[in-house]
Amino acid sequence: MSIDYALPFGQFPRVRPRRLRRTAFLRDLVQEHKLSTSDLILPLFVQEGTSTKTPILSMHNTFRYTIDELVKHCQHIVDAQIPAIALFPYIDPAMKTNLAEEAYNSNGLVPRAVASVKQAYPELGVITDVALDPYTIHGQDGIMNDQHEILNDITIEALAKQALSHAQAGADIVAPSDMMDGRIGFVRERLEKNGFTHVAILAYSAKYASTFYGPFRDAVGSAGQLAGADKKTYQLNPANGTEALLEATLDCQEGADILMVKPGMPYLDILWRVTQNSSIPVFVYQVSGEYAMLQNAISQNLLPESAILETMIAFKRAGANAILTYSALDVARLMS
Ligand code: PBG
């Protein structure tokens, strides 16, 4: 910065930054960042069956919806002017296998959910999760050998099939969240070859091996399968920052349209570094553990509900173009 208060004469009392904080109109005029409902994406959980919404105990006011209930719920999202949802499936344990074949069943839960939502609300953006963890018997995001190693190149073949099945069902954006090497290029090529040149890829580029995913793993039913195992051989080490830039660069070169940083609040520095270095949009995911932390504090009156808005503006300040948050409907209500 060259025009600044460090000049010899630019000192108190001539310089008083508080002048611009004196009244609301001044604060509004000089505000640098603004949050809008059009910045929000609501992640939603879907399950088999009809007329059921099952509460997720670890996540306040969050449910797994059967497809009919999901479609009904979408009306609230459209009314709140939230532009998109991200779908995550709860798969019946009996359908889980080591090869995760259910992940690319074109008549599976996710493709049916996508088609139903798009039919009822063609304008609502639908993002799907491309990853095998809801479908594997061990809850890992990849296919495993007998030595319990995650096999990269077989996994990305399954991911390409999965992404294609979502595109065929009408998904607007497919979002690989698995952190296998080369998966973005593989998915991009598969989509191109099959005529889905318009389907965007949201790449979870900087996805960390985080403890903050616990409630989500309950929600999709992979916690039991994982049985305490971690994902450190593919997700990023929380102690690393520069490596996130490598992943972001590779995903961009392989054909990603949008990058993602995840989790959000504990990784704002990563979000900032990626947004400052990226020429494509960057989204951030405020994950289940962050949601649980905020909701627990709010329910015990330790924090006001507006604390959620503060976390949202922090993401905007750090450069996020959009925010995936389980609080999206609450945020829209708090803003209105
Ligand atoms: C897995 C996936 C995870 C989340 C989204 N996709 C969890 C994991 O990597 O174990 C976490 C989201 C959240 O915690 O809200 N493909």
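Heads up: these notes are all about the structure in this document. Just so you know, these numbers come straight off a predicted model, no measurement behind them.

Summed over all chains, the structure comprises ten aromatic pairs. On the basis of an interplanar angle of 45° and a centroid distance of 6.1 Å, the ring pair of Phe-45 and Phe-88 is categorised as tilted. Within this pair, whereas Phe-45 is found in strand β1 (residues 40–47), its partner Phe-88 is found in strand β4 (residues 84–89), the two being separated by 43 residues in sequence. The two residues Phe-45 and Phe-88 agree in class, both being buried.

Moving on, we get to the site of the ligand. Not every one of the 18 residues close to the ligand is listed here, only the nearest: Arg-217, Lys-231, Lys-262, Ser-288 and Tyr-326. The separation between a nitrogen atom of the ligand and a polar side-chain atom of Asp-133 is 2.9 Å. Interatomic distance of 2.6 Å between a side-chain N/O atom of Arg-217 and an oxygen atom of the ligand. Taken together, the residues of the shell around the ligand break down into eight nonpolar, three polar and seven charged.

Moving on, we get to the environment of Glu-69. With respect to the helices and strands, the residue Glu-69 is situated in helix α2 (residues 67–79). The class of Glu-69 is buried, set by a relative accessible area of 15%. Glu-69 sits 17 residues away from Thr-52 along the chain, and the two C-alpha atoms are 6.6 Å apart. Contacts of Glu-69, omitting those with residues within four sequence positions, involve Ser-51, Thr-52 and Lys-53.

Our focus in this paragraph is unusual backbone geometry. For the peptide bond that leads from Lys-262 to Pro-263, omega is -10°, which places it in the cis range. With respect to the helices, strands and loops of the structure, Pro-263 is situated in the loop between β10 (258–262) and α9 (268–277). With phi around 45°, Ala-227 is a residue other than glycine that occupies positive phi space. Along the polypeptide, Ala-227 turns up in the loop between α7 (223–226) and α8 (242–254). By relative accessible area, Ala-227 is classed as exposed at 65%. One non-glycine residue, Asn-301, lies in the positive phi region at around 60°. One can find Asn-301 in the loop between α10 (288–299) and α11 (307–317). Overall, the relative accessible area of 71% leaves Asn-301 in the exposed class.

Relative to the helices and strands, Glu-149 resides in the loop between β6 (143–144) and β7 (150–151). Taking the C-alpha atoms as reference points, Glu-149 and Val-199, 50 residues apart in sequence, are found 31 Å from one another. Not counting chain neighbours up to four residues away, the residues in contact with Glu-149 comprise Ile-143 and Met-144. One polar contact links Glu-149 to Asn-145, side chain to side chain, over a distance of 2.8 Å.

So, on to the nonpolar core. With 79 residues, the main nonpolar core has Ile-85 and Val-174 as its most contacted residues. By residue number, the principal contributor to this core is helix α4 (residues 152–169), which donates seven residues. Look past the residues within four positions of Ile-85 in its chain and what remains in contact with it is Ile-41, Leu-42, Leu-44, Cys-74, Ile-77, Val-117, Leu-124, Gly-125, Val-126 and Ile-127.

Burial of strand β3 (residues 63–66) is two-sided: the residues Phe-63 and Tyr-65 facing one way and the residues Arg-64 and Thr-66 facing the other way are all buried. Summarising the sheet, β1 and β3 pair through three bridges and their orientation is parallel. Across the sheet, the residue bridging to Val-46 is Tyr-65, located in β3. One ladder, built from three bridges, connects strand β2 (residues 53–55) with β3; its direction is antiparallel. Each residue of the ladder has a partner; that of Lys-53, found in β3, is Tyr-65.

What follows is about the pairing of β1. Most of β1 sits out of view: eight of its eight residues are buried. The two faces of β1 match: Leu-40, Leu-42, Leu-44 and Val-46 on one face and Ile-41, Pro-43, Phe-45 and Gln-47 on the other face are all buried. Here β1 pairs with strand β12 (residues 322–325) via two bridges, running parallel. Residue Leu-40 lies in a different strand from β12, and its bridge partner there is Ile-323.

Conventions used here
- Residues numbered from 1 in each chain as written.
- Predicted model: local features only at pLDDT ≥ 70, side-chain atom pairs only at ≥ 80, totals over all residues.
- Heavy atoms only, no water.
- Phe/Tyr/Trp six-rings, centres within 6.5 Å; stacked < 30°, edge-to-face > 60°.
- Helix = DSSP H or I, 4+ residues; strand = E, 2+ residues; numbered from the N terminus.
- Buried < 20%, exposed > 50% of the residue type's maximum accessible area, 1.4 Å probe, protein only.
- Near = heavy atom within 4 Å.
- Polar contact = N/O pair within 3.5 Å; in protein donor to acceptor, adjacent residues only side chain to side chain.
- Nonpolar A, V, L, I, M, F, W, Y, C, P; charged D, E, K, R; others polar.
- Contact = heavy atoms within 4.5 Å.
- Core = buried A, V, L, I, M, F, W, Y, C linked by side-chain atoms within 4.5 Å.
- Pairing = 2+ DSSP bridges.

Treat this as a map of the structure, not an account of what it does.
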